[in-house]
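The residues making up each chain are set out below.
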Amino acid sequence: MKTPRLRTRRGVFLVPALFTVANIFFGFFSIVQSIRGEFADAALAIGFAILADLVDGRVARFAGATSRFGKELDSLADMGSFGIAPAVLAWAWVLHAWPRVGWLVAALFSVCAAVRLARFNVGRISSDPRYYIGLSSPAAAAVVGAVVYWHPEPPGPGVPEAAVLFGILGLALMMNSPVRYLSFKGFATRNPHSHRALVIVAVFIVAALAEPVAVFAILAGGYFLSPLFPVVARLVRRTPAATDATPPVD
């Protein structure tokens, strides 16, 4: 006897697509707000786009509703929200101060994001599922959004503007660098019932509600600098050994 298909199956596939559409919406809204000069709103929209991007894939995998169409739609949404929107925001915020170099750096950010997404789609990011090779485009967009959301007023001329210019250039290059970043893919499935994970999530929610700007900036900046943490830890561990090995002075 043939088992009848559930009528709700089509609706299950629609749920993750709704989050992907929300990702597109927030990316476009960020671009519009950047053009209007509402930089804080534009940065916040990038944050919501990142949240929608995190949810859609997990909902699709949880519901068994993954598809090639959904993957392609998600990639196109990411290009708009994490490749174009942060570049437009950075240009409207500061980079327009350099009529030639500024828009080229912003365009380079978009190009690097597109290359990073293409590498991800063809499986050339990492052979180890625990790590990505290069900074992900949502993480790079998060750094731009966090900085602008923390300080929506454009920085003054001179060193502050130059720091933003080289910062955007650095983010663009890091997206296609050989530096390894944690992917956190196995974090949710390793022990989903862990009480420690529940406590961490609760602390994060409380902190985000109390100080959303600080939490946004700390998470984005911390992830961007995370490859340096093991290097610093090794240097700290070696320092006492080198001190103990020094012969006493008569």
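Everything discussed here concerns the structure shown above.
> Outline the overall build of the protein chain, listing residues and values.
Tallying secondary structure elements over the protein chain gives 10 helices and 2 strands in all. The secondary structure elements of the protein chain, listed N-terminal to C-terminal, are α-α-α-α-β-α-α-β-α-α-α-α. Looking at the protein chain as a whole, 32% of its 250 residues are labelled buried. Expressed as a percentage of contacts within the protein chain between residues at least 6 apart in sequence, the contacts between residues at least 24 apart total 80%. On the protein chain, roughly 15800 Å² of surface is accessible, and the fraction owed to carbon and sulfur atoms is 71%.

> Outline the nonpolar core, supporting the account with residue identities and numerical values.
With 40 residues, the main nonpolar core has Leu89, Leu95, Phe109, Leu135, Val144 and Ile168 as its most contacted residues. The dominant element in this core, judged by the number of residues it contributes, is helix α5 (residues 137–150), at 8 residues. In this structure, Leu95 is in contact with Ala90, Gly102, Val105, Ala106, Val164, Leu165 and Ile168, ignoring residues within four places of it in sequence.

> Hey, could you go over the packing of aromatic side chains for me, with residue numbers and the actual values?
A full pass over the atoms with the stated rule returns 3 aromatic pairs. Geometrically, the ring pair formed by Phe25 and Phe26 is edge-to-face, given 5.5 Å between the ring centres and 70° between the ring planes. Note on Phe25: relative accessible area 52%, which makes it exposed. Here the aromatic rings of Phe25 and Phe29 are separated by 6.3 Å at their centres, their planes lie at 10°, and the arrangement is stacked. Of this pair, Phe25 and Phe29 both sit in helix α1 (residues 9–36), 4 residues apart, roughly one helical turn. Three or more aromatic residues link up through ring pairs in this structure, and these residues are Phe25, Phe26, Phe29 and Phe48.

> Break down α5 for me, citing the residues and quoting the values.
For α5, which comprises 14 residues, the first-to-last C-alpha distance of 20 Å matches the rise-based estimate of 20 Å (1.5 Å per residue) to within 8%. By the burial criterion, the buried members of α5 are Ser137, Pro138, Ala139, Ala140, Ala141, Ala142, Val143, Val144, Gly145, Ala146 and Val148.

The rules behind these values
Along every chain, residues carry numbers that run from 1 in the direction the sequence is written. For a predicted model such as this one, the threshold for reporting local features is a pLDDT of at least 70, and the threshold for listing and counting side-chain atom pairs is 80 or more; totals across whole chains, interfaces and linings nevertheless cover every residue. Side-chain calculation: all heavy atoms of the structure are included, whereas hydrogens and water are not. By the criteria applied, helices consist of DSSP H or I runs no shorter than four residues and strands consist of E runs no shorter than two, each listed in order from the N terminus. Relative accessibility thresholds used throughout: buried, under 20% of the residue-type maximum; exposed, over 50%; partly exposed, between the two (1.4 Å probe, protein chains only). We call two residues contacting when some pair of their heavy atoms lies within 4.5 Å. Only the protein chains shown count as cover for residues, and all accessible areas are computed by the Shrake-Rupley method using a 1.4 Å probe. In this description, a nonpolar core means a group of buried Ala, Val, Leu, Ile, Met, Phe, Trp, Tyr and Cys residues linked to one another through side-chain atoms lying within 4.5 Å. To pair, rings of Phe, Tyr and Trp, with the six-membered ring standing in for Trp, must have centres within 6.5 Å; the planes then decide the type, stacked if under 30 degrees apart, edge-to-face if over 60, and tilted in the middle. To estimate the expected span of a helix, subtract one from its residue number and multiply by 1.5 Å.

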